[in-house]
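Secondary and tertiary structure notes
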Amino acid sequence: MTRCLEARPPRSRGAAAALACLLAACFAAACESAPASTPTPTPSQSPPVAALPRPAVAETSTPTGAAHASNPLGLPPYPSKLDPGRRVFTFSDRMLAGAKLGSTLVLYAATVVGFDGDDLIVEGKGGPSYKVHPGYVVPVPDAPRLRPHAPILTEWNSVMKHAVVTRFVKDKIEVRYTDMDPRTPLAQLKGVRFVVQTEGLAPGNFAAWKDGETWRHVLLVSRLGGPPAEAGAVLTSMPSSTARWFALGYGGAALLAEESALRPLPVKPQLKIGASVWAEWVGALRPAVVQSAEETGLYTVKFERAGRPATVGWGLLTPPLEP
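Quick look at the structure, then.

1. What about the overall build of the protein?
In terms of helices and strands, the protein carries three helices and 20 strands. In the protein, which comprises 323 residues, the proportion classed as buried is 45%. Here the contacts in the protein between residues at least 6 apart in sequence split such that 55% fall between residues at least 24 apart.

Structural data, given as structure tokens:
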């Protein structure tokens, strides 16, 4: 019995005492039925940063396939030819737990250790192994051929990042990150993952997605459905394509985009000072003018109707796109 019921009634008898008892009982019931406080959402449940309205497809598209712990978005079957020991970028089990379209997702370094049916069993850094659908994975080649000034995917604190090779220093590879704060110093890496980027729509590449009247900047993860691409072909958007792409938008928001609405962004743009471009700003591509090319992999641009010039990296700007 709660302390609310232990309160003594007044010594007076009769109606006053009965009324006091009734009030005490009601107060005790209220104490016992008070609702518990709502738990704080985990990072995987928190909505992404949304300076721009979240695309409608991020909330209304209906996935196909069985949704479970390894495939929370219900992606369709996805062919996989990855052997145990293959290095990949994928999402942590904590992020996959309860993920849905619009959830914030981040690609981390991991290693394939086995299979369970159509699922991969992967192991992240310092964590237990877990199952993941192949559609949530960006494969990493075993022995990529790296050259100076090559655009690449690599790591920063185990998180997948875009960069450019600047030089080779003994047994290390020096890179400049192109999708981080431009003041980030050069990094000398050893024993991490590298993927040499190729032009076109490819896992790990940035792309432009036509969402109504807005061109949004997205990160491609996997191609879903549609006819298989020919070997060696540079995949660009196809107006008649039935394929869709699982991608990440602004703030890492998970979304599905029709391939016909996608345009590849150049992985190594060749731009002249004074050129008109579209550059990424708060998740969208906006008109700008190139002011300088200061460092390998970086450009300085001035946005229309904006203040100070901004420094953006490869994959974050493109010549103006056709409708």
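This is not the end of the story, as more comes after the structure.
2. Side note on the packing of aromatic side chains
The geometry of an aromatic ring pair comes down to the distance between the two centres and the angle between the two planes. Taken as a whole, this structure holds five aromatic pairs when the rule is applied. For the ring pair F91 and Y136, a centre distance of 6.3 Å and an interplane angle of 85 degrees mean the geometry is edge-to-face. Here the residue F91 occupies a position in the loop between β1 (87–90) and α3 (93–96), and Y136 occupies one in the loop between β4 (129–132) and β5 (138–139), the gap between them amounting to 45 residues. Relative accessible area serves as the criterion here: at 0%, Y136 is assigned to the buried category. Aromatic pair W281 and F303: ring centres 5.5 Å apart, planes at 50 degrees, arrangement tilted. Pair noted here: W281 is in strand β16 (residues 276–281) and F303 is in strand β18 (residues 298–303), with a separation of 22 residues, a long-range link. Aromatic rings pair up to connect F91, Y136 and F246 into one cluster.

3. Some words on the environment of S241
Checked against the element boundaries, S241 lands in the loop between β12 (214–224) and β13 (244–248). A C-alpha to C-alpha distance of 6.3 Å links S241 and G226, two positions 15 residues apart in sequence. Residue contacts for S241: discarding those within four places in its chain leaves R223 and E259.

4. Some thoughts on unusual backbone geometry
Despite not being glycine, H149 has its phi angle at roughly 70 degrees, a positive value. Relative to the helices and strands, H149 is located in the loop between β5 and β6 (151–156). The exposure class of H149 is partly exposed, given its relative accessible area of 38%. Positive phi outside glycine occurs at V282, with the angle close to 55 degrees. One can find V282 in the loop between β16 and β17 (284–295).

5. Re the pairing of strand β3 (residues 119–124)
In the sheet, strand β2 (residues 108–116) pairs with β3 via six bridges, with the strands oriented antiparallel. When the bridges of β3 are listed, T111 appears paired with E123. Direction of pairing for β3 relative to β4: antiparallel, over a ladder of four bridges. Considered in β4, the bridge of L120 is made with V132.

6. Details of the pairing of strand β8 (residues 172–177)
With five of six residues buried, β8 is to be regarded as a mostly interior element. The pairing of strand β7 (residues 159–169) with β8 spans six bridges and is antiparallel. Residue pairing across strands places V164 opposite R176, the latter belonging to β8. Hairpin remark: β7 followed by β8, antiparallel, with two residues in the connecting loop; positive phi at K170, about 55 degrees. Alignment of β8 against strand β9 (residues 187–189), held across three bridges, turns out to be antiparallel. Along β9, the bridge assignment pairs V175 with A187.

7. With respect to the environment of F303
Overall, the relative accessible area of 7% leaves F303 in the buried class. C-alpha of F303 to C-alpha of W281: the two residues are 22 residues apart in sequence and 9.0 Å apart in space. With residues up to four places along the chain from it excluded, the contact list for F303 reads A279, E280, W281, R286, P287, A288 and A310.

8. Some points on the pattern of salt bridges
One pass over the full model with this rule turns up seven salt bridges. The shortest N-O distance in the salt bridge between E155 and R193 comes to 3.1 Å. Remark: R193 occurs in the loop between β9 and β10 (195–196) and E155 occurs in strand β6; sequence separation between them is 38 residues. The pair E155 / R193 is uniform in exposure class, with both members buried. Here R223 makes a salt bridge to E259, at a shortest N to O gap of 2.7 Å.

Conventions adopted
- Residues numbered from 1 in each chain as written.
- Predicted model: local features only at pLDDT ≥ 70, side-chain atom pairs only at ≥ 80, totals over all residues.
- Heavy atoms only, no water.
- Helix = DSSP H or I, 4+ residues; strand = E, 2+ residues; numbered from the N terminus.
- Buried < 20%, exposed > 50% of the residue type's maximum accessible area, 1.4 Å probe, protein only.
- Contact = heavy atoms within 4.5 Å.
- Phe/Tyr/Trp six-rings, centres within 6.5 Å; stacked < 30°, edge-to-face > 60°.
- Pairing = 2+ DSSP bridges.
- Salt bridge = Lys/Arg side-chain N within 4 Å of Asp/Glu carboxyl O.

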